[in-house]
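Close look at the chain arrangement
So the chains spell out like this:
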Amino acid sequence: MTDKPKTMRLQRRAMLVTLASGACWPLHAQTAAALPARVVASFSILADMARELAPAGTEVLSLVRPDADAHVFEPRPADGKRLAQAELVLVNGLGFEGWIDRLVKVSGFKGRLVVASQGVVVRGAPHAQHGHGHRHGQGAVDPHAWQDLAHARLYIANLSAAFAQRWPAQQAEIDARRLDYLARVDTLERRVRQQLDAIPRQQRRVITSHDAFGYFGAAYGIDFLAPQGWATHSEPSAAAVAKLIRQIRQQGVKALFVENISDPRLLQRIAQEGGAKIGGTLYSDALSAAGGPAATYLKMIEHNARTLSQALTG
Ligand code: ZN
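Residues numbered from 1 in each chain as written. Predicted model: local features only at pLDDT ≥ 70, side-chain atom pairs only at ≥ 80, totals over all residues. Heavy atoms only, no water.

1. Description of helix H4 (residues 77-84)
By the burial criterion, the buried members of H4 are Asp79, Gly80 and Leu83. For H4, the arc enclosing every buried residue in end-on projection is 100°, short of the 170-degree limit, so these residues lie on one face. For H4, the exposed residues set more than 90 degrees away from the buried face come down to Pro77 and Lys81. Each element contacted by the buried residues of H4 is listed here: strand E1 (38-41), strand E3 (88-91) and helix H5 (100-107). (Buried < 20%, exposed > 50% of the residue type's maximum accessible area, 1.4 Å probe, protein only. Helix = DSSP H or I, 4+ residues; strand = E, 2+ residues; numbered from the N terminus. Arc of directions from axis to C-beta. Contact = heavy atoms within 4.5 Å.)

2. Let's talk about the packing of aromatic side chains
Enumeration according to the criterion identifies nine aromatic pairs in this entry. Aromatic pair Phe73 and Trp99: ring centres 4.7 Å apart, planes at 65°, arrangement edge-to-face. Of this pair, Phe73 sits in the loop between strand E2 (59-62) and H4 while Trp99 is found in the loop between E3 and H5, placing the two residues 26 residues apart along the sequence. The two residues Phe73 and Trp99 agree in class, both being buried. (Phe/Tyr/Trp six-rings, centres within 6.5 Å; stacked < 30°, edge-to-face > 60°.)

3. Quick notes on the coordination of the zinc ion
His71 (NE2), His144 (NE2), His210 (NE2) and Asp285 (OD) make up the full set of protein donors to the zinc ion, lying at 1.9 to 2.0 Å. Residue class for His71 comes out buried when judged on its relative accessible area of 15%. A relative accessible area of 0% means that His210 is categorised as buried. (Donors = N, O, S within 2.8 Å, 3.2 Å for Na, K, Ca; no water.)

4. Observations regarding the sheet that holds strand E4 (residues 112-115)
Here four strands make up an open sheet; going across it, the order is E2-E1-E3-E4 and the pairing parallel. Pairing within the sheet leaves two strands with one partner each, and these edge strands are E2 and E4. Neighbouring strand axes in the sheet, compared pairwise and without regard to direction, differ in orientation by 25° on average. Note that E1 and E2 share four bridges and pair parallel. Note that in E2 the partner of Val40 across the bridge is Leu61. Sheet strands in contact with helix H3 (residues 44-53) are E1, E2 and E3, and its direction is about 170° off that of E2. (Pairing = 2+ DSSP bridges. Axes fitted to C-alpha atoms, helices over the stretch in contact; angles between N-to-C directions.)

5. Looking at the pairing of strand E7 (residues 255-259)
Within a regular strand, the side chains alternate between the two sheet faces. In terms of burial, E7 is a largely internal element, five of the five residues being buried. Side chains Ala255, Phe257 and Glu259 project from E7 onto one buried face, and the interleaved Leu256 and Val258 project onto a second face that is buried too. Bridge count for E7 against strand E8 (residues 277-282) is five bridges, and the pairing is parallel. Bridge assignment links Ala255 to a residue of E8, and that residue is Lys277. The parallel pair E7 and E8 is bridged by helix H10 (residues 265-274), and the resulting crossover is right-handed. (Right-handed = clockwise from strand over helix to strand, strands pointing away.)

6. A word on the pattern of salt bridges
Applying the stated criterion across every chain, the model contains 16 salt bridges. Arg123 is the salt-bridge partner of Asp211, the closest N and O atoms lying 3.8 Å from each other. Here Asp211, found in the loop between strand E5 (205-208) and helix H8 (214-220), pairs with Arg123, found in the loop between E4 and helix H6 (149-166); they are 88 residues apart in sequence, far enough to count as distant. On the basis of relative accessibility, which here comes to 16%, the residue Arg123 falls in the buried class. Two residues, Arg184 and Asp180, come together in a salt bridge whose shortest N-O distance is 2.9 Å. In this pair, Arg184 and Asp180 are both assigned in helix H7 (residues 171-197), four residues apart and thus about one turn of the helix distant. (Salt bridge = Lys/Arg side-chain N within 4 Å of Asp/Glu carboxyl O.)

Keep in mind these numbers describe shape, not what the thing actually does.
Shown next as structure tokens:
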């Protein structure tokens, strides 16, 4: 099974050589060997981590685009083609990519599917707000593990191990990239903690569209409430919305935050009816486009922490 990507690479190489000889220009073996390795990640956050960690020259694609919602992603034939040409496919796991098994099957991809969240201590206990926990259409565990920088270290370890196994000759480069990335995670974690520790105790309750910040909240001591559960495909119930409006008034919810992947209108309505303000945009399940405020994973965490801190400290 693991031989297939190699075979494909050899085929591509053979094809190039054939083309080259047909065109009568010299093609060095070196040029053919420099064909980029292909890694396909399910969503933009994972793709960014992979770009940090994979050997230079690796082409990393993301199936779900920046600012798009991975929960309700509908793969197109072109996505199957991308998988078929991949050497590694990276997923978050924990039920986040409900569409991946079918896509793998139709694409014919026989290589390794790397689960980045492997080893994470999952947040599976029902959030108080969900009553009996397992809501219709909702996974049994919270998939948004990347929102805790401590978990990012696990993602980094898992991706690096998979890359080193696939490209053993590049072990030294992969190690160096891993250590450099980990150092930046450490620096950011200290800064984020410092920033969020300064938020007064009684102002640490906020609302987002869907329940994507459970791990972030547990790690940094902020209580996130949401009208939607861990997934985004179902409309929140009128009762859940009414309950949030009551909570804003009774429990002093300081601010609501819209998400880059969600329609902001429901949150705007809840804020208005509860008499609270919109504190800004948080990036939950996708990065911003290049040039935006959360174009990388580390920038995303930094942006979210700064946005929360500015809205809750002032
Ligand atoms: Zn989500």
